[in-house]
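Observations on the model geometry
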Amino acid sequence: MADKAVTLTIDNQAIELPIITGTVGPDVIDIRKLYAQSDRFTFDPGFTSTASCESQLTYIDGDQGVLLHRGYSIEQLSEESSFMEVSYLLLNGELPSKAELKDFSYTISRHTMLHEQLATFYRGFRRDAHPMAIMCGVVGALSAFYHDSTDISDPQQRTIASHRLIAKMPTIAAMAYKYSVGQPFMYPDNSLSYTGNFLRMTFGVPAEHYEVNPVVEQALDRIFTLHADHEQNASTSTVRLAGSSGANPFACIAAGIACLWGPAHGGANEAALNMLREIGTPDKIPHYIARAKDKNDPFRLMGFGHRVYKNYDPRATVMQKTVREVLTALNVKDPIFEVAMQLEEMALNDPYFIEKKLFPNVDFYSGIILSAIGFPTTMFTVLFALARTVGWVAQWNEMISDPGQKIGRPRQLYTGPAQRDYVPLSKR
Ligand code: CMC
């Protein structure tokens with residue numbers, strides 16, 4: 001809602017820019033007409049001061065360490081609800097009733113199988129392919145298999161595509177894992193929960209009955225909840241940008257997966273555990289802290305720092321508690337947990353990290369739990385992608401449903417050569 005304005009003076013010309021106020025959070029200055037009025041662009045690479053869209057899904061207060069989905073805090077959601085409930089909430093705006101949740105879970109379970117021909121698609125990948133590479137390829141390929149849900153102007157097709165993506169992601173992820181270890185693919189078992197089914201497809205084998213461990217199931221479900229959405233991060237913005245051209249949802253989510261893979265984003269969970277293993281023992285921590293602070297060393301503490309959180313990432317708090325629960329329940333004594341705890345303490349008391357407001361983020365502790373459950377590090381980012389899919393499709397749906405939606409088309413500050421004459425090859 002715009003009831004205030006600021007005035008920008010350029011070349012003695014006063015330009016009035018409306019201020020828009022959201023429900024909570026900082027006001028935004030509406031610069032949509034700035035170029036037309038002043039012949040100037042704004043310059044904000046990395047979007048540090050730019051809101052790229054309006055959204056009703058997720059709110060983050062980075063200074064206070066607050067994360068809300070549709071108004072509900074991540075602490076309450078991760079403590080009291082399931083990933084299916086949070087998925088319903090993100091997609092529909094309200095928490096489901098008992099009947100709505102049952103219905104939604106049933107609908108998702110009806111889409112868990114993959115087209116049989118996709119199994120042969122996997123066999124085109126090398127056995128040592130990174131599962132994120134497989135995931136990008138297979139999710140992109142879904143658009144070649146489910147033609148009846150690629151017309152984005154039809155809300156019904158958009159809903160079916162969203163349900164398909166949420167439902168098939170565990171199957172795709174588990175198959176990527178099975179392919180890498182040379183075991184047969186496991187078909188989904190729809191009598192299990194969303195997360196229980198994923199565990200069975202990943203760790204079960206056709207020759208034996210697989211019993212889902214309820215502690216592991218609950219911990220993994222909570223990890224999925226913690227990763228479900230996170231406002232306009234790099235991969236979500238990628239999904240929105242890809243979707244703004246009218247591309248089909250499967251292609252857009254494949255683009256999001258590609259973006260998530262980077263170590264500055266979702267790839268940090270894999271990088272964080274690798275770093276903790278490299279550190280190995282508490283006595284080596286000071287050496288790595290010194291490296292992280294050294295301007296001439298590219299090393300960073302993985303799982304530390306965040307573009308938006310300048311306080312403890314609330315997801316990291318829940319994650320740290322969950323690590324303790326899982327390690328105790330599985331009777332796993334992982335010395336890496338001790339390294340992580342001591343590293344966190346040392347960093348949080350170090351002037352460099354205090355001054356730059358660098359705190360543990362969601363990726364700092366997640367790898368320890370995933371590793372205790374039995375996932376190899378290469379699967380960590382895959383699990384992030386699986387859970388984030390609901391956020392991606394909810395954001396994509398919100399964008400497509402907006403009647404004022406336009407193709408995303410940033411401008412640039414050009415610093416290359418001005419126009420010049422071509423020099424023929426013989427004269428160069
Ligand atoms: N270790 C050491 N120094 C750091 C770190 C770190 N992890 N993170 C930031 N800094 C320093 C950085 O060198 C810079 O110092 P200076 O101002 O002297 O140049 C300052 O802090 C600000 O960093 P930045 O890179 O300009 O900040 P950003 O907002 O662009 O980057 C980030 C945010 C998450 C990419 C960055 O903190 C980072 O690389 N962290 C490690 C990777 C990581 O854990 N990523 C997961 C993010 S949370 C989950 C997700 O989004 O997927």
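Structure shown above.
Quick caveat, the model's predicted, so the values are computed rather than measured. (Residues numbered from 1 in each chain as written. Predicted model: local features only at pLDDT ≥ 70, side-chain atom pairs only at ≥ 80, totals over all residues. Heavy atoms only, no water.)

Concerning the overall build of the protein
Here is the rule we go by: Where helices and strands are cited, they refer to DSSP runs of H or I of at least four residues and of E of at least two residues respectively, numbered from the N terminus. The quantity called the radius of gyration is restricted to C-alpha atoms. Its globule counterpart is 2.2 Å times the number of residues to the power 0.38. Accessible area is worked out with a 1.4 Å probe on protein chains only. A residue is then buried under 20% of its type maximum, exposed over 50%, and partly exposed in between. Contact between two residues is taken to exist if any of their heavy atoms lie within 4.5 Å; hydrogens are not considered. Working definition of accessibility: Shrake-Rupley area with a 1.4 Å probe, residue cover restricted to the visible protein chains.
Within the protein, the regular secondary structure consists of 18 helices and six strands. Computed over its C-alpha atoms, the radius of gyration of the protein comes to 23 Å, within 12% of the 22 Å expected for a compact globule of 428 residues. Taken over the C-alpha atoms alone, the protein extends approximately 75 × 65 × 55 Å along its principal axes. A buried classification covers 46% of the 428 residues belonging to the protein. The long-range share in the protein, meaning contacts at least 24 apart out of those at least 6 apart in sequence, stands at 69%. Surface exposure of the protein reaches about 21800 Å², of which carbon and sulfur atoms provide 53%.

What about the pairing of strand S5 (residues 66-69)?
Rules: Strand pairing is assigned whenever DSSP detects at least two bridges linking the two strands.
Pairing analysis gives four bridges linking strand S4 (residues 58-61) to S5, with the strands arranged antiparallel. Each bridged residue has a counterpart across the sheet, and for Thr-58 the counterpart in S5 is His-69. The loop that links S4 with its antiparallel partner S5 comprises four residues; one of these, Gly-65, has a positive phi angle of about 70 degrees. Pairing of S5 with strand S6 (residues 72-73), which is carried by two bridges, proceeds in the antiparallel orientation. Among the inter-strand pairings, His-69 is bridged to a residue of S6, identified as Tyr-72. Once S5 ends, the chain turns through two residues before running back antiparallel as S6, passing Arg-70 with a positive phi of about 50 degrees.

Observations concerning the site of the ligand
Stated precisely, the cut-off is as follows: Each residue is tested against the molecule or strand, and it is near if at least one of its non-hydrogen atoms lies within 4 Å. Whenever a nitrogen or oxygen atom comes within 3.5 Å of another N or O atom, the pair is scored as a polar contact, on the condition that within protein one atom can donate a hydrogen and the other can accept it, and that pairs from neighbouring residues in sequence are kept only if both atoms are in side chains. Each residue is assigned to one of three groups, with Ala, Val, Leu, Ile, Met, Phe, Trp, Tyr, Cys and Pro labelled nonpolar, Asp, Glu, Lys and Arg labelled charged, and all others, Gly among them, labelled polar.
In the region of the ligand, 22 residues are neighbours, and His-265, Lys-295, Leu-301, Gly-303 and Arg-307 sit closest. Take Gly-266: an N or O atom from its main chain is 3.3 Å from an oxygen atom of the ligand. In this structure, Arg-300 approaches the ligand through a side-chain N or O atom, which is 2.8 Å from an oxygen atom. Here the ligand loses 74% of its free accessible area of 940 Å² to cover by the protein chains. A per-class count over the shell around the ligand returns eleven nonpolar, six polar and five charged.

Notes on helix H12 (residues 268-279)
We count it as follows: Take the residue count of a helix, subtract one, and multiply by 1.5 Å to get its expected span.
For H12, spanning twelve residues, the distance from its first C-alpha to its last is 16 Å, which sits close to the expected 16 Å at 1.5 Å a residue. Considered for burial, the residues of H12 that qualify are Ala-268, Asn-269, Glu-270, Ala-272, Leu-273, Met-275, Leu-276 and Ile-279. The inward-facing, buried residues of H12 contact helix H13 (285-293), helix H15 (335-348), helix H17 (363-373) and helix H18 (380-401). Once H12 ends, the next one or two residues include Gly-280, with phi positive near 75 degrees.

Focus: empty space enclosed by the protein
Quick note on the threshold: The definitions used throughout rest on a 1 Å grid laid over the protein atoms alone, on which a cavity is an enclosed set of points accommodating a 1.4 Å probe that cannot get out and a pocket is an open set flanked by protein within 12 Å on both sides along at least five of seven lines; lining residues are those having an atom within 4 Å of a point. Grid points are joined across faces, edges and corners, and a volume is the space filled by probe spheres set on the points.
A complete count under the given rule lists one cavity of 30 Å³ or more for this structure. Estimated volume of the largest cavity: approximately 40 Å³. Ile-223, Phe-224, His-227, Asn-269, Ser-366, Leu-370, Phe-380, Leu-383, Phe-384 and Ala-387 together form the lining of the largest cavity. Among the secondary structure elements, those contributing two or more residues to the lining of the largest cavity are helix H9 (214-226), H17 and H18. In terms of residue count, the dominant contributor to the lining of the largest cavity is H18 (four residues).

Some thoughts on the packing of aromatic side chains
The condition that has to hold: For Phe, Tyr and Trp, rings pair up if their centres lie within 6.5 Å, where Trp contributes its six-membered ring, and each pair is then called stacked (planes under 30 degrees apart), edge-to-face (over 60) or tilted (otherwise). In this scheme, the term charge over a ring applies when either NZ of a lysine or CZ of an arginine sits within 6 Å of the ring centre and within 35 degrees of the ring normal.
Inspection of the entire model under this criterion finds 19 aromatic pairs. Each ring, one from Phe-364 and one from Tyr-365, has its centre 5.0 Å from the other, and the planes form 85 degrees; the classification is edge-to-face. By the burial criterion, Phe-364 is buried, and Tyr-365 matches it. Among the aromatic residues, those joined into a cluster by ring pairs are Phe-83, Tyr-177, Tyr-194, Phe-198, Phe-203, Phe-224 and Phe-375. A cation over an aromatic ring shows up here: Arg-127 above the ring of Tyr-179, its NZ or CZ 4.2 Å from the ring centre.

Brief notes about the sheet that holds S4
Across the sheet, three strands lie side by side as S4-S5-S6; this open sheet has antiparallel pairing. Two strands bound the open sheet, and with one partner strand each, they are S4 and S6.

Some details on the packing of helix H7 (residues 155-181) against helix H8 (residues 194-203)
Working note: a packed helix pair is described by the angle between its axes plus the distance between those axes. Applied cut-off: To obtain an axis, a line is fitted to C-alpha atoms, over the contacting stretch when the element is a helix, and the angle between two such axes runs from 0 to 180 degrees between their N-to-C directions. Note on terminology: angles under 35 degrees are roughly parallel, angles over 145 are roughly antiparallel, angles of 65 to 115 are roughly perpendicular, and the others are oblique. Working rule for handedness: look at the near helix, and if it is turned counterclockwise from the far one by less than a right angle, call the crossing left-handed; if clockwise, right-handed.
Axis separation between H7 and H8 bottoms out at 8 Å; the angle between their running directions is 20 degrees. The angle between H7 and H8 places the two elements in the roughly parallel class. Here H7 and H8 pass one another in a crossing that is right-handed. Side by side, H7 and H8 meet where Ile-166, Ala-167, Pro-170, Thr-171, Ala-173, Ala-174, Tyr-177 and Lys-178 of the first sit next to Tyr-194, Phe-198, Met-201, Thr-202 and Phe-203 of the second. A breakdown of the residues in the contact of H7 with H8 according to their chemical character gives ten nonpolar, two polar and one charged.

A short note on the nonpolar core
Quick note on the threshold: Within this scheme, the nonpolar core is defined by two criteria: the residues are buried Ala, Val, Leu, Ile, Met, Phe, Trp, Tyr or Cys, and they are joined through side-chain atoms within 4.5 Å.
Core analysis: the biggest nonpolar cluster contains 110 residues, and Val-139, Ile-257, Ile-368 and Phe-375 have the highest contact counts within it. The biggest single contributor to this core is H18, with 14 residues.

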